[in-house]
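Residues per chain are reported as follows:
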Amino acid sequence: MIQTAPLYYLCMSAVAQVLAVGVTVLLSRTGVLPANSLLIVALQAGIAFITARTLKLSLPWQILNLLLVPALFFYAHFGMPPWLALGGLILSLIIYVPTFWTRVPFYPTSAPMYEEILKRLPENRDFTFIDLGCG
């Protein structure tokens, strides 16, 4: 199914960002939006988030669209060290790039789920455990 492919989410996120930037640039150039950079960033983030929700992207992709431009703004505005962005990029690549060839997204098991699994395992006898969802 094409809608679950990581490339689909990436392309739809790019559409959301381009649309949001286009609307904010149009509003700021026509004078409808004051030249307040924080207001422009907030509006762009909101439009990107709403667009991602409208495109029915999953919650992590919606959050990514909401936080992308504000994170870039604060990174540039406060003069963060370049290695911080490089480290984030490398970490993201390590975690998410394998989804392109395995077609299995990174989905960590939550602590409550581990507790639930442990409650269901027998304590007083041997058993076989097969993880069919390991990817």
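Please refer to the structure placed before this passage.
Model, not experiment: these values are computed from the prediction.

With 18 residues, helix H2 (residues 37-54) should reach 26 Å at 1.5 Å per residue; the first-to-last C-alpha distance of 26 Å fits that figure. Restricting attention to buried positions, one finds in H2 the residues Val-41, Gln-44, Ala-45, Ile-47, Ala-48, Thr-51 and Ala-52. What you see down the axis of H2 is that its buried residues fit within an arc of 165°, all on one side. Opposite its buried face, H2 presents the exposed residues Ile-50 and Thr-54, each directed more than 90 degrees away. Positive backbone phi, approximately 60°, marks Lys-56, located one or two places after H2.

On to the pattern of salt bridges. Between side chains of opposite charge, a pair can form as their charged atoms come close. Tallied over the entire structure, the rule returns 2 salt bridges. Across the pair Glu-116 and Lys-119 runs a salt bridge whose closest N-O atoms are separated by 3.3 Å. Of the two residues, Glu-116 and Lys-119 both sit in helix H6 (residues 111-120), 3 residues apart, roughly one turn of that helix. Notably, a salt bridge pairs Arg-120 with Glu-116, separated by 3.0 Å at the nearest N-O pair.

About the thresholds
Residues numbered from 1 in each chain as written. Predicted model: local features only at pLDDT ≥ 70, side-chain atom pairs only at ≥ 80, totals over all residues. Heavy atoms only, no water. Helix = DSSP H or I, 4+ residues; strand = E, 2+ residues; numbered from the N terminus. Expected span 1.5 Å × (residues − 1). Buried < 20%, exposed > 50% of the residue type's maximum accessible area, 1.4 Å probe, protein only. Arc of directions from axis to C-beta. Salt bridge = Lys/Arg side-chain N within 4 Å of Asp/Glu carboxyl O.

These figures capture arrangement, not role.
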